[in-house]
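Descriptive analysis of the structure
Listed below, chain by chain, are the residues.
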Amino acid sequence: MPKRNTDNVPNVRGGDNVVSILVMIMLGIETVADIRSRSVSAVRLIIFAVVAVAVNIIFYYQSIWSMIGGIAVGAVLFLYALLTSESIGYGDCLIFVCAGAYIGFADNLELLFFSLLAVALAGGIYALAAHKTIKTRIPFVPCIMAVYFIMLVIKAVKGCLLYTSDAADDLT
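Residues numbered from 1 in each chain as written. Predicted model: local features only at pLDDT ≥ 70, side-chain atom pairs only at ≥ 80, totals over all residues. Heavy atoms only, no water.

Some points on the overall build of the protein
Threshold: Comment: elements are numbered from the N terminus, with helices defined as DSSP H or I runs of at least four residues and strands as E runs of at least two. Accessible area is worked out with a 1.4 Å probe on protein chains only. A residue is then buried under 20% of its type maximum, exposed over 50%, and partly exposed in between. Between two residues, a contact is recorded if the distance between any of their heavy atoms is within 4.5 Å. For every accessible area listed, the method is Shrake-Rupley and the probe measures 1.4 Å; residues are considered covered only by the protein chains on display.
Along its length, the protein carries 5 helices and 0 strands. When the helices and strands of the protein are listed from N to C terminus, the series reads α-α-α-α-α. A buried classification covers 36% of the 172 residues belonging to the protein. Here the analysis covers contacts within the protein between residues at least 6 apart in sequence; of these, 68% occur between residues at least 24 apart. For the protein, the exposed surface amounts to about 10600 Å²; the carbon and sulfur share of it is 72%.

So, in structure tokens, the structure goes:
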């Protein structure tokens, strides 16, 4: 059986389960805050980011470059927020900085892309249903959390399919 390339597989020593739980906790807490007050806690997010570094040191589930790349996605989003007079909130940018520290560059970029699609869809539906304009601001973190949950489900299904495929290969 040929050796598989595991460079992009995050489950090196079981860290991906811990990471998934921590990211869902972070997004859950900040979703409630975003819905209630239209803001997120910078202090909580900084604590979560420090925990991300510690978890990566303990489990080494991603390379330092992937972590830096994930953080850079949020940093570029900060730059966009500055240039567009905060068309996306600074707190939302901080969510992506923190998520990037946990999930790395590729997954954070995927999370950003699909979260933007989700918030556009949610905003369009809200604007039509509530007779608001498309410029009406809506909480972004709930869309980020929903997309991250869907990403986890898809990865779990892919993992099950890969596992059953490996088992079938072993039979032949």
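Digging into the pattern of salt bridges
Quick reminder of the rule: Salt-bridge detection follows one rule: a side-chain nitrogen of Lys or Arg within 4 Å of a carboxyl oxygen of Asp or Glu.
For the coordinates displayed, the defined rule picks out 2 salt bridges. Among the salt bridges present, the one from Arg44 reaches Glu30, with a minimum N-O distance of 2.8 Å. Residue Arg44 is found in helix α2 (residues 42-59), and its partner Glu30 is found in helix α1 (residues 15-37); the two are separated by 14 residues along the sequence. Across the pair Lys155 and Asp107 runs a salt bridge whose closest N-O atoms are separated by 2.6 Å. One end of the pair, Lys155, is in helix α5 (residues 141-171); the other, Asp107, is in helix α4 (residues 90-129), and 48 residues separate them in sequence.

So, the side chain of Gln62
Our working rule: Whenever a nitrogen or oxygen atom comes within 3.5 Å of another N or O atom, the pair is scored as a polar contact, on the condition that within protein one atom can donate a hydrogen and the other can accept it, and that pairs from neighbouring residues in sequence are kept only if both atoms are in side chains.
Here Gln62 lies in the loop between α2 and α3 (64-83). A polar atom in the side chain of Gln62 sits 3.2 Å from the backbone nitrogen of Gly104. Once residues lying within four places of it in the same chain are set aside, the contact partners of Gln62 are Asn56, Met67, Gly100, Ala101, Tyr102, Ile103 and Gly104.

Structural notes on a nonpolar patch on the surface
Operational definition: Here, patches come from residues exposed beyond 30% relative accessible area and free of salt bridges, joined within 9 Å for like charges and within 5 Å for nonpolar side chains (Val, Leu, Ile, Met, Phe, Trp, Tyr).
Where nonpolar side chains cluster on the molecular surface, the patch consists of Phe149, Ile150, Val153, Ile154, Val157 and Leu161 and spans about 550 Å² of accessible area. Within the element layout of this structure, Ile150 appears in helix α5. The exposure class of Ile150 is partly exposed, given its relative accessible area of 47%.

Describing α4
Every α-helix winds through 3.6 residues per turn, so residues three or four apart in the chain are directed the same way. Cut-off, in case you're wondering: In this analysis, the expected span of each helix is defined as 1.5 Å times one less than the number of residues it contains. Values of bend correspond, residue by residue, to the angle between axes fitted over the seven residues ending at that residue and the seven starting there.
In this model, α4 (40 residues) spans only 28 Å end to end at C-alpha, well below the 58 Å of a helix rising 1.5 Å per residue. Along α4, the largest kink reaches about 125 degrees and is centred on Gly104. Of the residues one or two after α4, His131 is the one with positive phi, at around 55 degrees.

Some remarks on the nonpolar core
We apply this condition: In plain words, nonpolar cores are sets of buried Ala, Val, Leu, Ile, Met, Phe, Trp, Tyr and Cys residues tied together by side-chain atoms within 4.5 Å.
Core analysis: the largest hydrophobic core is formed by 37 residues, its most contacted members being Val23, Met26, Leu27, Tyr102 and Leu111. Those elements that provide at least two residues to this core are α1, α2, α3, α4 and α5. For Met26, the contacting residues outside a window of four places in its chain are Leu45, Phe48, Ile95, Cys98 and Ala99.

Thoughts on the packing of aromatic side chains
Going by this rule: Each pair of aromatic rings taken from Phe, Tyr and Trp, with Trp reduced to its six-membered ring, is defined by centres within 6.5 Å and is described as stacked if the planes are under 30 degrees apart, edge-to-face if over 60, and tilted in the remaining cases.
A full pass over the atoms with the stated rule returns 3 aromatic pairs. Ring geometry for Phe78 and Tyr90: centres 6.2 Å apart, planes at 20 degrees, overall stacked. Of this pair, Phe78 sits in helix α3 while Tyr90 is found in helix α4, placing the two residues 12 residues apart along the sequence. With 5.0 Å between their ring centres and 80 degrees between their planes, Phe113 and Phe114 make a pair best called edge-to-face. Taking relative accessible area as the criterion, Phe114 reaches 40% and is therefore assigned partly exposed.

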